[in-house]
Amino acid sequence: MDNLKDVAQALALNVKENREKKGLSLSQLAKLAGIGKSTLSVLEAGNGNPNIETIWALATALQVPFGQLINEKDSKVMSVKKGDGVSVVTQSKNMQADLLVSRPLRSGFDVFEISLSKNAEILSEAHKAGTNEVVIVTEGEMTTGSIDAPIHLKAGDTAFFSASSAHLYRTHDQDAKAIVIMDYE
């Protein structure tokens, strides 16, 4: 995709298509996702600038992979050069996620490069059942995994955990980067 306008258009079409496929009204989907109906209406019109939490909330409510909402329909093969991927930030601006690869259909996956600022804590709601995450820390250190049993990782370390329950990403006294693979059953 060439720019944020392309992402907004893909998101608008995909959210509306998936919402209608599930027989949900705007109000019903907004309630399931925990967002305002007006926000959803703006997004389905191809306007607005959603953050990663909003897109994840919609993906979870619709029970579809993240990438299925932001990819153009005809994108069978995706090549992304550094800095050109779809990029979204958290509400707190403490984390940025760049979508590097996505195969959202059937038992698909999404691959993100995430950057977290020092002393950040990002709490993630549970994703759809059967979703797993692989986190490979490439710079710095972070704590990640289920809220009940977080795992401390240093650069070069990898964690695998179920994302079907609430989980977290936490940094300490330095920024950190990681590759995150979302694996959907």
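In this text the structure is predicted, and so the values were computed from the model without any measurement.

S.K.: Sorry, what's going on with the overall build of the protein here?
M.R.: Helix and strand counts for the protein come out as five helices and ten strands. Counting over 185 residues, the protein shows a buried share of 45%. Long-range contacts, defined as pairs at least 24 residues apart, comprise 65% of the intrachain contacts of the protein with a sequence gap of at least 6. Looking at the protein as shown, the accessible area adds up to about 9,500 Å², and 50% of this sits on carbon and sulfur atoms.

S.K.: It is not clear to me how the pairing of strand E3 (residues 109-116) should be interpreted in this structure. Could you clarify?
M.R.: It is a general feature of regular strands that their side chains alternate between the two faces of the sheet. In terms of burial, E3 is largely enclosed, as six of its eight residues are buried. For E3 and strand E10 (residues 176-183), the ladder comprises eight bridges, and the chain directions are antiparallel. Paired with Leu116 across the bridge in E10 is Ala176.

S.K.: How should I be thinking about the sheet that holds strand E7 (residues 151-154) in this particular structure?
M.R.: Remark on secondary structure: sheet strands pair via backbone hydrogen bonds, oriented parallel or antiparallel. Pairing is antiparallel across the open sheet formed by four strands, whose spatial order is E4-E9-E6-E7. Each edge of the open sheet is held by one strand with a lone partner, namely strand E4 (121-124) and E7. With direction set aside, neighbouring strand axes in the sheet form an average angle of 15 degrees.

Thresholds, definitions, all that
Residues numbered from 1 in each chain as written. Predicted model: local features only at pLDDT ≥ 70, side-chain atom pairs only at ≥ 80, totals over all residues. Heavy atoms only, no water. Helix = DSSP H or I, 4+ residues; strand = E, 2+ residues; numbered from the N terminus. Buried < 20%, exposed > 50% of the residue type's maximum accessible area, 1.4 Å probe, protein only. Contact = heavy atoms within 4.5 Å. Areas by Shrake-Rupley, 256 points an atom, 1.4 Å probe, with all protein chains shown as cover. Pairing = 2+ DSSP bridges. Axes fitted to C-alpha atoms, helices over the stretch in contact; angles between N-to-C directions.

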